[in-house]
Amino acid sequence: MRLLHKDKDGRGEIHFLTEELQIKDAFENPKSQFLTIALNIGESQKITIDGVSYDFPSWSIIPLVAHQVFSFENTESINFWRYNREFYCMADSHVEISCIGLIFLGYSKNLFLELREDDRIKISTLSQLFIEEFESDDYIKTDMLLALLKRFVIILTRLAKQQHFKDEALTDDKFDFIRQFNFHVEGNFRKEHKVQFYADLMNKSPKTLSNIFSLYNYNSPMSIIHDRVISEAKRLLFYSDKSAKEIAFELGFDDAAHFSRFFKNATNQNTSSFRKSLIIAE
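Residues numbered from 1 in each chain as written. Predicted model: local features only at pLDDT ≥ 70, side-chain atom pairs only at ≥ 80, totals over all residues. Heavy atoms only, no water.

Colleague: Mind showing me how you'd approach the overall build of the protein here?
Modeller: Broken down by element type, the protein carries 11 helices and 9 strands. Residues counted as buried form 49% of the 282 residues belonging to the protein. Residue pairs in contact within the protein that sit at least 24 positions apart in sequence constitute 68% of those at least 6 positions apart. Of the roughly 14,100 Å² of accessible surface on the protein, a fraction of 48% belongs to carbon and sulfur atoms. (Helix = DSSP H or I, 4+ residues; strand = E, 2+ residues; numbered from the N terminus. Buried < 20%, exposed > 50% of the residue type's maximum accessible area, 1.4 Å probe, protein only. Contact = heavy atoms within 4.5 Å. Areas by Shrake-Rupley, 256 points an atom, 1.4 Å probe, with all protein chains shown as cover.)

Colleague: Explain a nonpolar patch on the surface to me, please; I cannot follow it from the model alone.
Modeller: A contiguous nonpolar surface patch, about 350 Å² in accessible area, is contributed by Tyr139, Ile140 and Met144. If you trace the backbone, Tyr139 turns up in the loop between helix 3 (117–134) and helix 4 (141–164). (Patch = residues over 30% accessible without salt bridge, like charges linked within 9 Å, V, L, I, M, F, W, Y side chains within 5 Å. Salt bridge = Lys/Arg side-chain N within 4 Å of Asp/Glu carboxyl O.)

Colleague: Just checking my understanding: could you explain the packing of helix 8 (residues 221–239) against helix 10 (residues 256–267) for this structure?
Modeller: Each pair of packed helices can be summarised by the angle the axes make with each other and by the distance between the axes. One way to put it is that helix 8 packs onto helix 10 with a least axis distance of 11 Å and a crossing angle of 100°. The pairing of helix 8 with helix 10 is recorded here as roughly perpendicular in orientation. Seen from helix 8, the contacting residues are His226, Val229, Ile230, Ala233, Lys234 and Leu237; seen from helix 10, they are Phe259, Phe262, Phe263, Ala266 and Thr267. Its residues placed into classes, the contact of helix 8 with helix 10 shows 8 nonpolar, 2 polar and 1 charged. (Axes fitted to C-alpha atoms, helices over the stretch in contact; angles between N-to-C directions. Parallel < 35°, antiparallel > 145°, perpendicular 65-115°, else oblique. Nonpolar A, V, L, I, M, F, W, Y, C, P; charged D, E, K, R; others polar.)

Colleague: It is not clear to me how the packing of aromatic side chains should be interpreted in this structure. Could you clarify?
Modeller: Given two aromatic rings, one states the distance between the centres and the angle between the planes to describe the pair. Across all of its chains, the model carries 17 aromatic pairs by this definition. Measuring from ring centre to ring centre gives 5.7 Å for Phe181 and Tyr198, while their planes differ by 65°; the resulting arrangement is edge-to-face. Residue Phe181 is found in helix 5 (residues 173–188), and its partner Tyr198 is found in helix 6 (residues 195–201); the two are separated by 17 residues along the sequence. For Phe181, a relative accessible area of 0% gives the class buried. A residue is classified by how much of its surface remains accessible, and Tyr198, at 0% relative accessible area, is buried. Between Phe197 and Tyr198 the ring centres are 5.0 Å apart and the planes differ by 90°, which places this aromatic pair in the edge-to-face class. (Phe/Tyr/Trp six-rings, centres within 6.5 Å; stacked < 30°, edge-to-face > 60°.)

Here is the structure:
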């Protein structure tokens with residue numbers, strides 16, 4: 001089942017997919033800037049994100065950002081919520097539940113969230129409310145879907161804090177600082193690959209950035225920048241027919257050979273072999 005709603009301007013979209021055998025066509029637009037929340041309601045299975053396989057336990061959730069390339073062993077047991085920034089973002093100043101908040105840009109790894117029995121009941125009920133609202137037909141439909149989505153994001157944010165950040169002060173200035181760094185990287189990684197650029201934007205020294213990230217056991221600022229560039233390269237290699245040279249220039253490399261070395265050092269594959277090997281389940 002695939003459900004879609006667009007707001008009155010036609011720019012904001014929210015999708016809900018469930019019990020789908022094939023999903024590739026729903027995710028393959030390289031210009032898509034949708035956030036995705038995936039819930040596994042079946043048996044434990046494998047999820048592949050940017051060419052790396054992970055265990056995706058039964059009754060767990062993972063938020064995925066627009067640039068990630070992902071696939072599943074069994075899509076029939078996955079519920080997907082997808083929405084773009086135009087549909088829901090909250091104010092970017094809201095630290096925890098905006099599009100650049102905790103579950104999407106607040107963590108340096110893939111954020112798997114386990115659901116206890118009470119969480120499962122809560123999310124199952126919410127899923128049914130989503131379906132009912134998608135199928136309704138009145139003028140407040142957008143408002144209701146927004147309210148449900150906000151509630152969903154808040155639930156996931158609370159779970160993330162309990163499971164991954166319980167020993168950290170999430171509301172202090174340093175956490176917001178990390179979030180803002182991720183936001184700046186998202187907006188500039190195609191042209192700017194040096195930590196100094198982002199340090200200048202934030203009126204800090206590169207050393208200060210590194211110290212703050214180390215305090216929260218994050219990857220280094222440099223590795224975050226490089227990981228974002230690699231992730232976008234993988235997405236373009238799979239979803240577009242652009243040559244490695246074209247992708248290199250799109251990602252801010254003046255020299256295609258430099259990009260090729262950079263990609264191989266990060267992935268242990270050259271661009272052509274990666275393009276052939278990355279298969280998304282249909």
